[in-house]
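Coordinates in review
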Amino acid sequence: MPSNEKELNCHLFDQLTILEDIEEVAKKENAKETLILIQKKRKQIERKLYQKPPVTSE
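Thresholds, definitions, all that
- Throughout this document, residue positions are counted from 1 along each chain, in the order its sequence is written.
- Local features in this predicted model are restricted to residues of pLDDT 70 or higher, and side-chain atom pairs are both shown and tallied only at a pLDDT of 80 or more, whereas totals for entire chains, interfaces and linings draw on every residue.
- Think of the side-chain values as coming from all heavy atoms in the structure, minus any hydrogens and water.
- In DSSP terms, a helix is any run of H or I states spanning at least four residues, a strand is any run of E spanning at least two, and both are numbered starting from the N terminus.
- Any residue under 20% of the maximum accessible area for its type is buried, any over 50% is exposed, and the rest in between are partly exposed; the area is computed with a 1.4 Å probe on protein chains only.
- A contact between two residues is defined here by any heavy atoms of the two lying within 4.5 Å.
- All accessibility values rest on the Shrake-Rupley procedure with a 1.4 Å probe; residue burial counts only the protein chains present in the view.
- The patches described consist of residues with a relative accessible area above 30% and no salt bridge, like charges being joined within 9 Å and nonpolar side chains (Val, Leu, Ile, Met, Phe, Trp, Tyr) within 5 Å.
- For this document, the term salt bridge refers to a Lys or Arg side-chain nitrogen within 4 Å of an Asp or Glu carboxyl oxygen.
- For the purpose of counting charges, residues Lys and Arg are taken to be positive, whereas Asp and Glu are taken to be negative. His and the chain ends are not included.
- The atom standing in for a charge is NZ when the residue is Lys, CZ when it is Arg, CG when it is Asp and CD when it is Glu.
- In this text, buried Ala, Val, Leu, Ile, Met, Phe, Trp, Tyr and Cys residues form a nonpolar core when linked through side-chain atoms within 4.5 Å.
- By this rule, a helix spans an expected 1.5 Å times one less than how many residues it contains.
- Under the rule applied, a polar contact is a pair of N or O atoms within 3.5 Å (in protein, one hydrogen donor and one hydrogen acceptor; residues adjacent in sequence only if both atoms are side-chain atoms).

**Some details on the overall build of the chain**
For the chain, the helix and strand inventory stands at two helices and zero strands. Within the span of the chain, comprising 58 residues, buried residues form 19% of the whole. Intrachain contacts of the chain at a sequence separation of at least 6 include 50% that bridge at least 24 residues. Carbon and sulfur atoms make up 54% of the accessible area of the chain, which totals about 4,900 Å².

Laid out in structure tokens, this is it:
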């Protein structure tokens with residue numbers, strides 16, 4: 001479990017990077033359902049990443 005907000009944000013950015021890599025392949029394969037799921041997951045991650053107020057207060 002991340003101990004602070006900076007560490008948590010790093011994990012969320014890593015997740016976004018993974019989604020970008022998967023999206024690249026899904027576009028090449030024209031995998032429409034996969035692309036829809038990627039967009040859903042991206043929104044969920046971004047909601048956590050950019051939430052106000054932050055996850056923790058320092």
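That shown, we press on.
**Points about a positive patch on the surface**
Positive charge collects at one region of the surface, where Lys40, Lys41, Arg47 and Lys48 lie side by side. Looking at the element boundaries, Lys41 is found in helix α2 (residues 32-49). Residue classification places Lys41 among the partly exposed residues on the basis of a relative accessible area of 37%.

**As for the nonpolar core**
Ranked by size, the top nonpolar core spans eight residues in total: Leu12, Leu16, Leu19, Ala26, Ala31, Ile38, Ile45 and Leu49. Put simply, the parts of the chain that give this core at least two residues each are α1 (5-28) and α2.

**So, unusual backbone geometry**
Its identity is not glycine, yet Asn30 carries a phi of approximately 55°, on the positive side. Tracing the sequence through the fold places Asn30 in the loop between α1 and α2. The exposure class of Asn30 is exposed, given its relative accessible area of 53%.

**Quick notes on the side chain of Arg42**
Here Arg42 shows up in helix α2. Exposure remark for Arg42: the relative accessible area of 14% places this residue in the buried category. Beyond its immediate stretch of four places on either side in the chain, Arg42 contacts Leu16, Leu19, Glu20 and Glu23.

**What about α1?**
End to end, α1 covers 35 Å across 24 residues, agreeing with the expected 34 Å (1.5 Å per residue, within 8%). Turning to α1, its buried residues number three or more, namely Glu5, Leu12, Leu16, Leu19, Glu23 and Ala26. As for α1, its buried residues are in contact with α2. One side-chain oxygen of the residue at the start of α1 lies 3.2 Å from the amide nitrogen of Lys6, identifying that residue as Asn4. Of the residues trailing α1, Asn30 is marked for its positive phi of about 55°.

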